[in-house]
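Summary of structural features
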Amino acid sequence: MSEFGPPSWKVQAAERRPVPWRLVAFALGAALSGLQTLPSICWLPLALIWFGLNESAILFVVVMGAALAIAIAAEGGVKNTPPQYLRAAHNLGAGGWNLYRHVIFPAALPSILTGLRLGWSFAWRSLMAGELIYITLGLGQLLSMGRRSPSTRRKGRSGTMSCCSTRASPSA
């Protein structure tokens, strides 16, 4: 055991440990990125096989559309935690849960919030696409019915025109 620093066996274990985790992170990161590039509507046939034609299938499509974007952003935020923060926390005695709670999570929070914002937009897009397939009174079905019905089209156009004319009129 050396006079300063950790015992040599701890240093050797720390040097060997990241290699398999880097490989796992690389493989999972590539898989998550590949799955995230799929449009969320591509999950619908699998959801229909697993859950049948009901709201659970739509919920699965929405979650799969949003969860991957959130996971990738959270992983990027944790990976990009500045090493100075980690070294300072270790020097001050932080480790385990305290390290994550007081250092890594606050440093990754902007990326996590960005992922939540992206996930929200992907979830809305997935919801509208899923509701086009499943007949329910939702936003996607309402848009689909409005596209097919001439009377609704006319109402939509007149509503859009009145909204635009109201915006264009000079204020008194």
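Everything discussed here concerns the structure shown above.
Below: a short report on this structure. Every value quoted in this text rests on a predicted model; they were computed, and no experiment measured them.

Cut-offs used in this document
Residues numbered from 1 in each chain as written. Predicted model: local features only at pLDDT ≥ 70, side-chain atom pairs only at ≥ 80, totals over all residues. Heavy atoms only, no water. Helix = DSSP H or I, 4+ residues; strand = E, 2+ residues; numbered from the N terminus. Expected span 1.5 Å × (residues − 1). Buried < 20%, exposed > 50% of the residue type's maximum accessible area, 1.4 Å probe, protein only. Polar contact = N/O pair within 3.5 Å; in protein donor to acceptor, adjacent residues only side chain to side chain. Core = buried A, V, L, I, M, F, W, Y, C linked by side-chain atoms within 4.5 Å. Contact = heavy atoms within 4.5 Å. Bend = angle between axes of the 7 residues up to and from the residue.

**Considerations on helix 4 (residues 55-79)**
The end-to-end C-alpha separation of helix 4 is 36 Å, in line with the 36 Å expected for 25 residues at 1.5 Å each. Looking only at helix 4, the buried set comprises Ala57, Ile58, Phe60, Val61, Val62, Gly65, Ala66, Leu68, Ala69, Ala73 and Gly77. The N-capping residue of helix 4, defined by a side-chain oxygen 3.1 Å from the backbone nitrogen of Ser56, is Asn54.

**Observations regarding the nonpolar core**
The nonpolar side chains of soluble globular proteins are, as a tendency, buried together. Core analysis: the largest hydrophobic core is formed by seven residues, namely Trp43, Leu44, Ala47, Ala57, Phe60, Val61 and Leu68. At the level of secondary structure, the elements contributing two or more residues to this core comprise helix 3 (44-51) and helix 4. Considering every element that reaches this core, the biggest residue donor is helix 4, with four residues. Apart from the residues lying within four places of it in its own chain, the contact partners of Trp43 are Leu35, Phe60, Val61, Met64 and Leu68.

**Digging into helix 6 (residues 97-133)**
With 37 residues, helix 6 ought to run about 54 Å at 1.5 Å a step, yet its terminal C-alpha atoms sit only 44 Å apart, falling short of that. At Leu109, helix 6 shows its largest bend, some 50°, and a proline, Pro110, comes one to four positions later.

It is worth stressing that arrangement in space is one thing and function is another; only the former is reported here.
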